[in-house]
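Summary of structural features
Each chain, written out:
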Amino acid sequence: MITPNYLEKLLDGVEVEWKTLGEIVDTITAPAKVKKESYRETGEIPIIDQGIEFIAGYTDEDINPVKADEYVIFGDHSEHIKYVDFAFIQGADGLKILKPILGKAKYIYYAFINFYKKEQNYKRHWSAAKETEIPIPCPENPAKSLEIQAEIVRILDAFTEL
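This is a predicted model, so every value here is computed, not measured.

This brings us to the overall build of the protein. Within the protein one finds 5 helices and 10 strands. Radius of gyration (C-alpha) of the protein: 16 Å, near the 15 Å computed for a compact globule of 162 residues. Judged by the C-alpha coordinates and their principal axes, the protein covers about 50 × 30 × 30 Å. Classification of the 162 residues of the protein by burial places 42% in the buried group. Long-range pairs, those at least 24 residues apart, make up 70% of the contacts in the protein between residues at least 6 apart in sequence. Surface accessibility of the protein: about 9,000 Å² in total, with carbon and sulfur atoms responsible for 49%. For the protein, the distance from the average position of its 19 positive side-chain charges to the average position of its 28 negative side-chain charges is 3 Å.

Moving on, we come to the environment of His 77. Within the element layout of this structure, His 77 appears in the loop between strand 6 (71-75) and strand 7 (81-84). A residue is classified by how much of its surface remains accessible, and His 77, at 15% relative accessible area, is buried. Along the backbone, His 77 and Arg 124 are 47 residues apart, and their C-alpha atoms lie at a distance of 5.2 Å.

Looking now at the nonpolar core. One broad rule of soluble globular proteins: the nonpolar side chains tend to lie buried together. With 29 residues, the main nonpolar core has Leu 21, Phe 74, Ile 81, Leu 98, Phe 112 and Ile 134 as its most contacted residues. The set of elements that each furnish at least two residues to this core consists of helix 2 (21-24), strand 6, strand 7, helix 3 (105-115), helix 4 (126-129), strand 10 (133-137) and helix 5 (142-161). It is helix 3 that provides the largest number of residues to this core, a total of 9 residues. Other than its neighbours up to four places away in sequence, Leu 98 contacts Leu 21, Val 25, Asp 26, Thr 27, Glu 70, Tyr 71, Val 72, Phe 74, Phe 112 and Trp 126.

Let's shift gears to unusual backbone geometry. Positive phi is not limited to glycine here, since Glu 79 has a value of about 70°. In this structure, Glu 79 sits in the loop between strand 6 and strand 7. Residue class for Glu 79 comes out buried when judged on its relative accessible area of 2%. Phi at Cys 138 is positive, roughly 45°, even though this residue is not glycine. Its location among the elements puts Cys 138 in the loop between strand 10 and helix 5. The class for Cys 138 is buried, based on a relative accessible area of 17%.

It is worth spelling out helix 5 at this point. In this model, helix 5 (20 residues) spans 28 Å end to end at C-alpha, consistent with the 28 Å of a helix rising 1.5 Å per residue. Among the residues of helix 5, Ser 145, Ile 148, Gln 149, Ile 152, Val 153 and Leu 156 are the ones counted as buried. Taken down its axis, helix 5 places every buried residue within 140° of arc, on the same side. Of the exposed residues in helix 5, the ones pointing more than 90 degrees away from its buried face are Ala 143 and Glu 161.

In space, the 4 strands of this open sheet follow the order 3-8-4-5, with mixed pairing throughout. Each having just a single partner strand, strand 3 (33-34) and strand 5 (57-59) make up the two edges of the open sheet. Where strand 4 (residues 45-48) lies against strand 5, 3 bridges are found, and the strand directions are antiparallel. Each residue of the ladder has a partner; that of Pro 46, found in strand 5, is Tyr 58.

About the thresholds
- Residues numbered from 1 in each chain as written.
- Predicted model: local features only at pLDDT ≥ 70, side-chain atom pairs only at ≥ 80, totals over all residues.
- Heavy atoms only, no water.
- Helix = DSSP H or I, 4+ residues; strand = E, 2+ residues; numbered from the N terminus.
- Rg over C-alpha atoms; globule rule 2.2 N^0.38 Å.
- Buried < 20%, exposed > 50% of the residue type's maximum accessible area, 1.4 Å probe, protein only.
- Contact = heavy atoms within 4.5 Å.
- Areas by Shrake-Rupley, 256 points an atom, 1.4 Å probe, with all protein chains shown as cover.
- Lys, Arg positive; Asp, Glu negative; His and termini not counted.
- Charge placed at Lys NZ, Arg CZ, Asp CG, Glu CD.
- Core = buried A, V, L, I, M, F, W, Y, C linked by side-chain atoms within 4.5 Å.
- Expected span 1.5 Å × (residues − 1).
- Arc of directions from axis to C-beta.
- Pairing = 2+ DSSP bridges.

Right, dumping it as structure tokens:
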């Protein structure tokens, strides 16, 4: 995981505005969910749940998936955070599907995993998680903000691949 200090170094010298996660994302309701007993090892549509595995399983059931787009996924009980950019079926309950309304999804994902303080107990965590402060670069210039976010994502993706 990238440390908060590293992300802060990438933003050094850049004007930022700190916004809570709840201010910059909408929560999406999945059109359908599948129960754990319906998960398969192979299938056409991936299942995303709040477990530690990125893809929890697959299904071929005839149900509507969450449409392909960029999302930040938060496990309300598990506190696992994922970035998803493809169509999927929600597995079980306790999943928050977050669609950014301000900023790039992958940038928000990286900022969220770095600035969120895990409580590490079994309860609902969204009420605290949505208060996580996310630095938005160049708030007065949206085009420049997105450019900086894209560059930070490029750097962090390259760093993660290493």
